[in-house]
Amino acid sequence: MRRDVALEPAPFSVPTVDVPGTRTRPREGQTLTGYVELPAKQLARLPAVGEQDIIRSLQLLPGIQSASDVSTGLYIRGGGPDQTLILLDQIPLYNPTHAFGFFSTFNPGAIKDMLLYKGAYPAPYGGRLGAVLDVSNRDGNRNQFHGQGGVSVIAGRLTVEGPIRNGSWVFSARRTYLDPILNAVRSDSNEIPSYYFYDVNGRLNRSLSERDNVMISGYGGKDDVHLDLDVGSYVDIRWGNSAGTAKWTHLFGPGLFGNFLVAASEYRSDTEVRIFDTPYRVSNRLLDVSAKGDLNWRPGRGHEVNAGLLASRYHFAYDQEFNGVPQPGLDQTPAAVAVYAEDDWELSSLTAVRAGLRLERFGKGGRFGLEPRLSVSRVLSDRFRLKAGGGGYTQHLQLVSTEAFSGADFWVPTDVTAKAGRSWQAVCGVEWEPSSRHSVSLEGYATSLRNLVQLDNLRSPDASGTSTEDIFFTGGHGWAAGVELFAQRKTGPLTGWIGYGLGWSRRRFDEVNQGQTYPPKYDRRHDLKLVADWKRRMWSYGAAFLYGTGQAFTPAAARYTLVNPANGGQLDDGLLLPGAKNSARLLPYHRLDVSVTRHGSLFGMKADYFLQVFNLYSRKNEWFIQYDTDDPETVPKVVHQLPIVPTIGVNFEF
Amino acid sequence: MMRANSSRRIFFLLCCLVFVLPSGCSTKRDPSDLLAPSEVGTIVVQATLIVGQNFPKVTLARTGSPDQPYDEDAAALPGADVRIFTGSNGEITYFDNDDGTYVAFDHVNVPSQVQPHTEYRLVVRAADGRTVTASTTTPDSFSVRDWLLLEDPSLEVRRPLATFADYPAHPESLYFDPANQLIYQDGLLEARFDRVDAAAYVVGIESLDNGSPFVIDADFLSEEDLAQFQRLTSSPPLAADLSFLRLPWFAIFFEGRYRIRIYAVDRNWYDLARSVPSLGGTNVGFGGNVGDAFERPIFHVEGGIGVFGSGSMSEIGFMIHPKP
């Protein structure tokens with residue numbers, strides 16, 4: 001029998017109490033390794049550059065790195081950004097970046113929470129070799145109209161939400177307002193592009209009956225850059241994502257409910273460049289239409305069974321034209337089906353096991369991947385918990401990405417000319433909760449990677465082959481291993497964490513580094529993160545300190561020269577001969593970000609005025625080495641990352 | 001109270017820690033830290049055989065230190081024994097010019113001109129005993145069937161261009177043939193040919209009139225940028241799967257005479273051209289991490305670096321005039 005009861009609110013006073021935070025998915029946290037659940041509000045309080053960004057905030061966790069200060073790519077536990085599945089309301093976003101990768105597409109005002117699986121993720125997820133970031137839009141306020149917004153130095157955002165009959169809605173929008181500033185400083189003597197980005201999020205929840213709920217969610221975002229160089233010379237780039245999800249949740253009976261959804265996600269970019277009247281155009285589109293059904297059943301005796309099916313149809317279209325000549329493109333429509341089942345079983349009050357199996361079939365020829373998943377946790381005492389997990393993972397989609405310019409990123413499916421990427425992960429750790437407000441965890445991980453691909457940068461620009469082995473170096477191997485320590489203070493006026501990661505990562509391709517194993521650029525031996533957030537009356541103070549081993553780079557081993565056989569001209573006065581790939585290191589990376597927030601009011605609204613300073617002591621962190629061979633006297637040049645960047649703004653609620 | 005004090009102490013210690021740590025680190029570094037002179041003294045060989053032409057000179061040098069300007073004279077490697085072998089008993093002996101260049105002077109069982117579809121093997125024995133070897137198989141003979149000026153954008157043929165074959169006695173006259181007078185950015189120049197058994201096609205572009213003015217109108221480029229434009233350029237290696245190549249106008253910078261040579265190239269030349277950015281290689285960093293494009297070129301030279309490649313070639317000349 002079920003009875004719904006509505007409670008009337010009534011005010012009463014109590015002394016100040018200290019309320020420890022509770023995880024909304026306690027089973028996940030108790031059973032899984034490498035799992036982090038982060039409310040968007042917590043991430044949004046952390047210091048930012050220009051605009052709050054929750055993906056950048058994730059980079060403050062141990063084991064998660066960025067490629068640079070201007071990148072929101074997530075390098076998790078020795079894996080590349082393409083190895084992390086990023087979901088928004090359960091549909092993948094394929095290029096979740098704005099401003100060439102400087103910001104993520106996630107408007108902090110629109111996001112409810114983020115679940116991060118740093119490794120050994122469970123059977124309901126699949127399709128990537130490394131990690132999963134599952135982002136949920138806000139549900140909307142079911143009781144009253146509410147709004148919040150923010151103004152930063154580059155963008156403004158507004159979120160409004162409210163009730164509908166038996167449900168709620170939320171709508172959020174954000175747009176940059178750099179265009180007028182750029183227009184003002186543009187003149188005939190300088191070429192400053194026009195640029196903007198925007199994104200909108202919306203979500204509608206409604207209960208159709210006591211047993212049925214529906215949710216409709218949507219996202220749209222776009223970046224637009226235009227640069228006029230001269231008569232007959234310009235650059236025009238547009239890219240963006242759009243995604244929509246419709247979900248029906250049905251309660252079949254006590255202990256059994258299901259989620260059924262249809263969703264679509266599209267990423268497209270269009271680039272048109274004309275230099276001295278020579279045109280180049282490239283258009284890139286990826287459409288993912290998926291249907292998914294999940295059943296959750298609690299048969300009793302400590303079991304919770306999840307099973308589901310996911311069917312996806314992709315359309316990859318890559319089309320380019322140079323000087324009026326169509327260049328080789330890509331037009332493929334592979335399909336994928338995945339089924340999974342898992343049992344989250346409390347064997348006893350001390351031991352829990354989560355065992356799952358996922359079966360995937362992808363593309364023409366129907367290649368199968370069987371992926372077992374297992375997590376075990378054991379309570380050792382009141383305050384200690386032991387965890388272990390692991391599994392097999394398959395990746396059929398490959399990202400062609402440019403760290404410096406994510407607007408041109410595109411995905412391609414692995415076809416029959418290459419095996420799908422495959423990884424095996426093992427994680428084990430121990431958790432210690434010395435008090436209700438403190439927790440400490442220590443985790444070790446190891447990942448084996450097979451059938452990796454790497455873009456063949458050297459192929460002819462007009463080469464016609466567009467198979468996987470034409471585009472990529474295939475058959476790569478790799479591994480990553482490390483240890484992470486995470487100590488967190490979760491409640492009280494002072495919260496924060498100390499995270500330390502010790503890691504190794506290696507790759508090997510026959511065609512790269514003369515077939516020798518090498519560390520990828522993001523191999524990071526030491527990775528220290530200190531984050532503190534201190535609330536004191538009307539003020540909040542935040543600080544984040546990062547320290548990491550310098551990125552790997554390839555040093556020059558010698559100087560030589562050649563004559564261009566095509567025209568007899570002498571090449572640069574002394575070409576530099578690269579040494580072993582990534583055999584040297586940049587200087588260690590570190591920086592301190594701080595923030596101060598004053599809680600007050602604005603036109604009667606609750607408002608937070610904030611000052612945030614990125615890289616407070618303006619550390620000249622090294623980004624990469626530029627070898628200039630035009631001038632034989634020139635020594636290699638170190639290109640540095642961002643200096644000190646202050647940001648001011650205000651967030652408000654009404 | 002105890003708890004509040006404890007929080008403050010932790011925060012204070014945290015602040016001290018983050019200020020003390022960076023103070024012990026400096027971003028100053030010796031530029032030599034960025035170099036790893038592990039391959040100084042490696043033998044650099046260069047020779048490119050062109051089908052139908054005499055055997056080219058062979059150049060030998062040694063690599064220099066990466067932190068020193070490259071001194072060609074000091075790097076030259078004289079005193080080596082240089083030979084090219086072909087077939088079962090063909091051999092070309094090279095004469096040492098004592099400046100690091102070697103010229104063919106004795107052909108035994110070998111025609112004096114490079115033959116198509118033939119394997120040649122270079123053997124260099126340096127005076128210090130080191131040996132460098134490399135092999136190339138020449139492509140088939142190659143010639144462009146039609147050099148055409150097309151309408152833009154309809155791509156209809158406006159007129160064919162005259163070729164060097166039309167002026168066997170006075171090749172210089174080709175540049176003044178009325179059909180070969182091109183207005184900058186007026187129409188599209190296209191070469192049509194039958195593909196041959198070659199790894200790729202490379203286009204060499206030469207502005208022959210040193211000192212002729214720029215034909216480009218680029219206010220957005222500084223004087224320094226303009227100084228970078230060279231009169232000798234080349235394309236990246238191209239597949240030309242459609243059996244034609246179209247000259248992009250952004251490859252033309254100057255008024256005056258231009259010579260275009262299209263080479264059908266062997267694997268060695270192709271691999272070198274695609275992996276050395278200065279040769280028009282595509283390894284300029286698209287895809288991947290910033291700074292990752294500094295990759296070792298593909299040399300196909302045992303015991304050293306450089307190129308021993310081959311190609312067959314077809315060429316044309318024309319005159320570029322500015323837009324009216």
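You'll find the structure just up there.
Here, residues in each chain are numbered from 1, in the same order as that chain's written sequence. Written order determines the labels here, with chains lettered from A and ligands numbered from 1. It should be noted that, the model being predicted, local features are given only for residues of pLDDT at least 70 and side-chain atom pairs only at 80 or more, the latter also being counted only at that level, while totals for whole chains, interfaces and linings use all residues. To obtain the side-chain values, all non-hydrogen atoms of the structure were used and water was disregarded.

J.: Teacher, can you tell me more about the overall build of chain A here?
T.: Runs of H or I in DSSP of at least four residues are treated as helices and runs of E of at least two as strands, each being numbered from the N terminus. Along chain A, the regular secondary structure elements total 5 helices and 40 strands. We take the radius of gyration over the C-alpha atoms and set the globule estimate at 2.2 Å times the residue count to the 0.38 power. For chain A, whose C-alpha radius of gyration is 26 Å, the value lies close to the compact-globule estimate of 26 Å for 654 residues. With the principal axes as the frame, chain A shows a C-alpha extent of 90 × 60 × 45 Å. Across the 654 residues of chain A, 58% fall into the buried class. At a minimum sequence separation of 6, the contacts of chain A that also span at least 24 residues come to 62%. When charges are counted, Lys and Arg contribute as positive and Asp and Glu as negative, whereas His and the chain ends are disregarded. Charged side chains are reduced to one point each, which is NZ for Lys, CZ for Arg, CG for Asp and CD for Glu. Each charge class in chain A was averaged separately, 69 positive and 68 negative side chains, and the resulting centres sit 9 Å apart. For every residue, the accessible area obtained with a 1.4 Å probe (protein chains only) is divided by the maximum for its type, and the residue is called buried under 20%, exposed over 50%, and partly exposed between those limits. Contacts: residue pairs with any heavy atoms within 4.5 Å of one another.

J.: How do you make sense of the pattern of salt bridges when you look at a structure like this?
T.: Opposite charge on two side chains permits them to pair, given that their charged atoms come into close proximity. Put simply, a salt bridge is a Lys or Arg side-chain nitrogen that is within 4 Å of an Asp or Glu carboxyl oxygen. The full count for this structure, using the stated rule, is 48 salt bridges over all chains. Residues Glu266 of chain A and Arg285 of chain A are paired through a salt bridge, measuring 2.4 Å at the closest nitrogen-oxygen approach. With Glu266 of chain A in strand β16 (residues 256–275) and Arg285 of chain A in strand β17 (residues 278–300), this pair connects stretches of sequence that are 19 residues apart. Using a relative accessible area of 16% as the deciding quantity, one classes Glu266 of chain A as buried. Under the relative-accessibility criterion, Arg285 of chain A is labelled partly exposed at 24%. Here Asp128 of chain B ties to Arg130 of chain B by a salt bridge, and the two come within 3.0 Å at their closest N and O atoms. For Arg130 of chain B, a relative accessible area of 31% corresponds to the partly exposed category. Salt bridges linked by common partners bring Arg77, Lys118, Glu443 and Glu484 of chain A together as one network.

J.: Mind showing me how you'd approach the packing of aromatic side chains here?
T.: Aromatic rings considered in pairs are described by the distance between their centres and by the relative angle of their planes. Pairs were defined over the aromatic rings of Phe, Tyr and Trp, the Trp ring being its six-membered one, requiring ring centres within 6.5 Å. Orientation was assigned from the angle between planes: stacked under 30 degrees, edge-to-face over 60, tilted for the rest. Counted by the stated rule, this structure contains 35 aromatic pairs over all chains. A ring pair is formed by Tyr121 of chain A and Tyr125 of chain A, whose centres lie 6.5 Å apart and whose planes are at 85°; its orientation type is edge-to-face. For the pair shown, Tyr121 of chain A and Tyr125 of chain A are each scored as buried. Between Trp534 of chain A and Tyr541 of chain A the ring centres are 5.8 Å apart and the planes differ by 40°, which places this aromatic pair in the tilted class. By relative accessible area, which is 16% here, Trp534 of chain A ends up buried. Ring pairing ties together the aromatic residues Tyr35, Tyr117, Tyr121, Tyr125 and Tyr393 of chain A, which thus form one cluster. Criterion for a charge above a ring: Arg CZ or Lys NZ at most 6 Å from the ring centre, at most 35 degrees from the ring normal. Positioned above the aromatic ring of Tyr518 of chain A, the side-chain terminus of Lys581 of chain A is 5.4 Å from the ring centre. The aromatic ring of Phe254 of chain B is capped on one face by Arg231 of chain B, whose charged end is 3.8 Å from the ring centroid.

J.: I'm lost on the sheet that holds strand β4 (residues 84–88) of chain A in this one. Help?
T.: Backbone hydrogen bonds are what pair the strands of a sheet, in a parallel or an antiparallel way. Within the open sheet, the 5 strands sit side by side as β1-β8-β9-β4-β5 (chain A). Their pairing is mixed. Among the strands making up the open sheet, the edge pair consists of β1 (35–39) and β5 (91–92) of chain A. We treat two strands as partners when DSSP finds at least two bridges between them.

J.: How do you make sense of the pairing of strand β25 (residues 410–413) of chain A when you look at a structure like this?
T.: For a regular strand, side-chain orientation follows a simple rule: the groups alternate between the two sheet faces. Residue and element names in this part refer to chain A. Neither face of β25 is left uncovered, since the one carrying Phe410 and Val412 and the one carrying Trp411 and Pro413 both have all their residues buried. Strand direction decides the pairing type here: strand β24 (residues 397–400) and β25, joined by 4 bridges, are antiparallel. Looking at β25, one finds that Val400 is bridged to Phe410.

J.: Whenever I open this one, unusual backbone geometry confuses me. Can you help?
T.: As a rule of thumb, non-glycine residues mostly have phi less than zero, and peptide bonds are mostly trans rather than cis. Residue Pro153 of chain B is bonded to the preceding Asp152 of chain B through a cis peptide linkage, with omega at 15°. Position of Pro153 of chain B among the secondary structure elements: in the loop between β8 (144–150) and β9 (157–160). The phi angle at Gln514 of chain A is positive, at roughly 55°, despite the residue not being glycine. Take Gln514 of chain A: it is sitting in the loop between β29 (494–508) and β30 (526–536).

J.: I'm lost on the pairing of strand β19 (residues 325–332) of chain A in this one. Help?
T.: Pairing analysis gives 6 bridges linking strand β18 (residues 303–322) of chain A to β19 of chain A, with the strands arranged antiparallel. Looking at the pairing, Phe322 of chain A lines up with Val325 of chain A of β19 of chain A.

J.: Please explain the nonpolar core as it appears in this structure.
T.: Generally speaking, a soluble globular protein has its nonpolar side chains buried in company with each other. Residues and elements named next belong to chain B. Core analysis: the largest hydrophobic core is formed by 41 residues, its most contacted members being Phe55, Val58, Leu60, Val82 and Ile84. It is strand β1 (residues 43–50) that contributes the most residues to this core, 5 residues altogether. Setting aside residues no more than four positions away along its own chain, Leu60 makes contact with Ile43, Val44, Val45, Ala76, Leu77, Ala80, Val82, Gly100, Tyr102 and Val124. By nonpolar core is meant a set of buried Ala, Val, Leu, Ile, Met, Phe, Trp, Tyr and Cys residues that side-chain atoms within 4.5 Å join together.

J.: I tried to follow a nonpolar patch on the surface on my own but got confused; where do I start?
T.: All names here are of chain A. Here the term patch refers to residues with relative accessible area over 30% and no salt bridge, with like charges joined within 9 Å and nonpolar side chains (Val, Leu, Ile, Met, Phe, Trp, Tyr) within 5 Å. The accessible surface values rely on the Shrake-Rupley method and a 1.4 Å probe; as for residues, cover is taken only from the protein chains in view. On the surface, Leu309, Val337, Val339, Leu357, Leu359, Phe368 and Leu370 cluster together to form a nonpolar patch covering roughly 600 Å² of accessible area. At the level of secondary structure, the elements contributing two or more residues to the nonpolar patch comprise β20 (335–346), β21 (351–362) and β22 (367–379). Among the structural elements, Leu309 can be located in strand β18.

J.: What is the right way to look at a negative patch on the surface in this model?
T.: All names here are of chain B. On the surface, Asp71, Glu72, Asp73, Asp98 and Asp99 cluster together into a negatively charged patch. Tracing the backbone through its elements, the reader meets Asp73 in helix α2 (residues 72–75). Its relative accessible area of 69% is what places Asp73 among the exposed residues.

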